[in-house]
Amino acid sequence: MPVFDLSTTPLRELNSALHGLEPGTNDTRFEVVNPRGHHAVAVGIDSPVSVEVHGSVGYYCAGMNDGGTVTVHGSAGPGVAENMMSGTVIVEGDASQYAGATGRGGLLVIKGNAASRCGISMKGIDIVVHGSIGHMSAFMGQSGHLVVCGDAGEALGDSLYEAKLFVRGSVKSLGADCIEKRMKPKHLEKLAELLEKAGVTGVKPEEFRRYGSARKLYNFHIDNADAY
Amino acid sequence: MCGIVGLFLKDRSLEPRLGELLSDMLITMTDRGPDSAGIAIYGAPATGLAKVTAQSPNPTADFANLATDLSGAGLPARVTEKNTHAVIEIAADRQGEIRALLTRLRPSVRIMGAGESVEIFKEVGLPGDVISRFGVRAMGGTHGIGHTRMATESAVTTLGAHPFSTGPDQCLVHNGSLSNHNNLRRALLRGGMTFETDNDSEVAAAYLTAEMASGKDLGEALTGALDDLDGFFTFVVGTRTGFGVLRDPIACKPAVMAETERYVAFGSEYRALANLPGIETARVWEPEPATVYFWDHEKAA
């Protein structure tokens, strides 16, 4: 089990080691200590390795993850799990702005709160936030699910495409073209699955409301000029 | 980008270490801005005295005999040279005279800041170099703020570096860019404010100074800034006894804060806070957009 102490080892050594993993390797579990807010910790993983990061990280932790499991035992700076392809990223603390931005797949779990622009331009990623999220979250979200056990800030789902949003608490305001939608059995089923995967307990799918696109802004229409 | 830091001490036993702690915080932010750096330290005020931090492009010529020349002109002063800057101590009730006197005696000297407790040091260059030039590490104090600049709105010069000080014991550092600074500058000029640069952040500093001069406290002035300033900003602001933080409603510019029993700290990134004592158990959070945060030594119980 390789251990990287980022107070003594350059970050590039950690990331190179992760990128160099061959199929069938016995090194399937990495430990990272003293991250101290470093940027780009464990980015570009492309094998089913698990990385335990003990402490808080800076920008873009676990970016572009493809199949790895990264757990941050601390908080994460801007852009955690940005453009994730597959795998799992868990943040035990809070996440800064644009967590999970442009993610194509995989699961991002934030056990604390997420700041603004959580899931901006999400394209298939599933994001579960145990706490609350900030303003402009899921802006232009194209697909995937954003589940928020707490509250959402202003302009949730502005210019939304087909990402599905579930919020248990209050929503400060909905963005342009985002509306509340009826919760159907298939949505409750999906919610239950995501809550379980994300380790959320004591919370029922029925406690959430669903938000999605009104599909009025997909194409330019002169009657909608005020909303653009 | 720009990197900003701030540290407001609650535990007096940390005061001798203010310069050292703040220096390390700012040096960690070096890669957010390599153009220029500056730091404001609020030290212990001496009763009846005011401190004026002055800067000169020709410090050797300008600061030699400055104390003698000021005294000769009727304003007794003590001058402590620090590289390109000098701290001039004069009687507090005669602060109003120094600007005109310096213009006459030393036309190339610029005033960086003045007040009972603040000292401001800023120059073109990397934070580590600027800090060692002025011996910031050895300075004690109650609170301080720092900035490392990646210039966007005006020239890379000593005067364009942060912190900006536009009123007694007031200073501001800014990460972002304001879009209505020209208009606001015109309004402030009409109100009697003066400006040293074309910089947008100086306008923000002057705006807060003008608001506080009208009777508002720092918290109220910052609340007004949300309506009156347009653009991107994360501000950290110091007054003689206070320390404030404000982010614009969009809040693109990063900010992290930490609070323990011993201090309140601000950093553009968590990296800046990672070496502070007791950070492992501190309350660490991201300040909310459009929300005024401020602490005051005199208002604290």
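Remember, it's a predicted structure, so these values are computed and weren't measured experimentally.

About the cut-offs
- Residues numbered from 1 in each chain as written.
- Chains lettered and ligands numbered in written order.
- Predicted model: local features only at pLDDT ≥ 70, side-chain atom pairs only at ≥ 80, totals over all residues.
- Helix = DSSP H or I, 4+ residues; strand = E, 2+ residues; numbered from the N terminus.
- Rg over C-alpha atoms; globule rule 2.2 N^0.38 Å.
- Buried ≥ 20, exposed ≤ 12 C-beta atoms within 10 Å, placed from the backbone.
- Contact = placed C-beta atoms within 7 Å.
- Pairing = 2+ DSSP bridges.
- Axes fitted to C-alpha atoms, helices over the stretch in contact; angles between N-to-C directions.
- Nonpolar A, V, L, I, M, F, W, Y, C, P; charged D, E, K, R; others polar.
- Core = buried A, V, L, I, M, F, W, Y, C linked by C-beta atoms within 7 Å.
- Domains from an automatic or database assignment.

So, the overall build of chain B
Line of reasoning, step 1. Scanning chain B from terminus to terminus reveals eight helices and 16 strands.
Line of reasoning, step 2. Over its C-alpha trace chain B gives a radius of gyration of 18 Å, about what one expects of a compact globule, namely 19 Å for 301 residues.
Line of reasoning, step 3. Expressed along its principal axes, the backbone C-alpha trace of chain B runs to roughly 55 × 45 × 40 Å.
Line of reasoning, step 4. In chain B, which comprises 301 residues, the share counted as buried stands at 50%.
Line of reasoning, step 5. Considering only contacts within chain B whose residues lie at least 6 apart along the sequence, 72% involve residues at least 24 apart.

Let's talk about the pairing of strand β9 (residues 164-167) of chain A
All names here are of chain A.
Line of reasoning, step 1. Burial along β9 is two-sided: Lys-164 and Phe-166 and Leu-165 and Val-167, pointing in opposite directions, are all buried.
Line of reasoning, step 2. For strand β8 (residues 143-148) and β9, the ladder comprises four bridges, and the chain directions are parallel. Bridged to His-145 within β9 is Lys-164.

As for unusual backbone geometry
Note: most peptide bonds trans; most residues except glycine with negative phi.
Line of reasoning, step 1. Cis rather than trans, the peptide bond between B:His162 and B:Pro163 has omega equal to 0 degrees.
Line of reasoning, step 2. Turning to its location among the elements, B:Pro163 is positioned in the loop between β8 (143-149) and β9 (164-167).
Line of reasoning, step 3. You will see that A:Asn34, though not glycine, has its phi angle at about 55 degrees, which is positive.
Line of reasoning, step 4. With respect to the helices, strands and loops of the structure, A:Asn34 is situated in the loop between β2 (29-33) and β3 (50-54).

Focus: the sheet that holds strand β10 (residues 178-181) of chain A
Backbone hydrogen bonds are what pair the strands of a sheet, in a parallel or an antiparallel way.
All names here are of chain A.
Line of reasoning, step 1. With mixed pairing, the eleven strands of this open sheet are ordered in space as β1-β2-β3-β4-β5-β6-β7-β8-β9-β11-β10. The open sheet has two edge strands, β1 (3-5) and β10, and neither has a second partner. Direction aside, neighbouring strands of the sheet carry axes that sit 15 degrees apart on average.
Line of reasoning, step 2. Examined bridge by bridge, β1 and β2 share three bridges and lie parallel to one another. In the sheet register, Val-3 faces β2, and the bridge partner there is Glu-31.
Line of reasoning, step 3. Together, β6 (107-110), β7 (123-129), β8, β9 and β11 (209-213) form the strand contacts of helix α2 (residues 185-197), whose direction differs from that of β8 by roughly 70 degrees.

Re the interface of chain A and chain B
Line of reasoning, step 1. Tallying the contact residues gives twelve residues for chain A and nine residues for chain B.
Line of reasoning, step 2. Its residues assigned to classes, the side of chain A that touches chain B shows two nonpolar, eight polar and two charged.

Details of the sheet that holds strand β5 (residues 85-91) of chain B
Residues and elements named next belong to chain B.
Line of reasoning, step 1. One open sheet holds the four strands; their spatial order is β4-β5-β3-β6, and the pairing between them is antiparallel. Single-partner strands in this sheet number two, and they are β4 (78-82) and β6 (110-115). Along the sheet, successive strands turn relative to each other by an average axial angle of 20 degrees, direction set aside.

Structural notes on the pairing of strand β13 (residues 256-259) of chain B
Residues and elements named next belong to chain B.
Line of reasoning, step 1. Bridge analysis of β13 against strand β14 (residues 263-267) gives four bridges, and the strand direction is antiparallel. In the sheet register, Glu-259 faces β14, and the bridge partner there is Val-264.
Line of reasoning, step 2. Hairpin connection of β13 to β14: three residues between the antiparallel strands.
Line of reasoning, step 3. As defined by bridge partners, β13 adjoins strand β15 (residues 283-285) across three bridges and the pair is classed as antiparallel. Its bridge partner lying in β15, Glu-259 is registered against Arg-283.

A few points about the nonpolar core
The nonpolar side chains of soluble globular proteins are, as a tendency, buried together.
Line of reasoning, step 1. B:Val5, B:Leu7, B:Leu26, B:Leu172, B:Ala204, B:Tyr207 and B:Ala265 are the most contacted members of the largest nonpolar core, which has 82 residues in total.
Line of reasoning, step 2. Sorting elements by how many residues they give to this core places helix α7 (residues 200-213) of chain B first, with seven residues.
Line of reasoning, step 3. Viewed by domain, this core spans two of them, domain 1 (3-44 + 124-296) and domain 2 (47-116) of chain B, each represented by three or more residues.
Line of reasoning, step 4. Contacts of B:Leu26, omitting those with residues within four sequence positions, involve B:Val5, B:Ala37, B:Ile39, B:Pro127, B:Ile131, B:Gly146 and B:Thr148.
Line of reasoning, step 5. Among the nonpolar cores identified, the runner-up in size contains 68 residues, and A:Ala114, A:Met122, A:Ile125 and A:Leu146 belong to it.

Concerning the environment of B:Ile27
All names here are of chain B.
Line of reasoning, step 1. Counting through the fold element by element, Ile-27 comes out in helix α1 (residues 18-28).
Line of reasoning, step 2. Distance in space between the C-alpha atoms of Ile-27 and Glu-298 is 30 Å, their sequence separation being 271 residues.
Line of reasoning, step 3. If we skip the residues at most four places from it in the chain, Ile-27 touches Pro-127, Gly-128 and Ile-131.

Quick word on the domain arrangement of chain B
All names here are of chain B.
Line of reasoning, step 1. Taken domain by domain, chain B consists of domain 1 (3-44 + 124-296) and domain 2 (47-116).
Line of reasoning, step 2. Between the C-alpha centres of domain 1 and domain 2 there is a distance of 24 Å.
Line of reasoning, step 3. The partner domain 2 presents ten residues to the twelve residues of domain 1 that form the contact.
Line of reasoning, step 4. Here the residues of the side of domain 1 that touches domain 2 are counted per class, giving five nonpolar, three polar and four charged.

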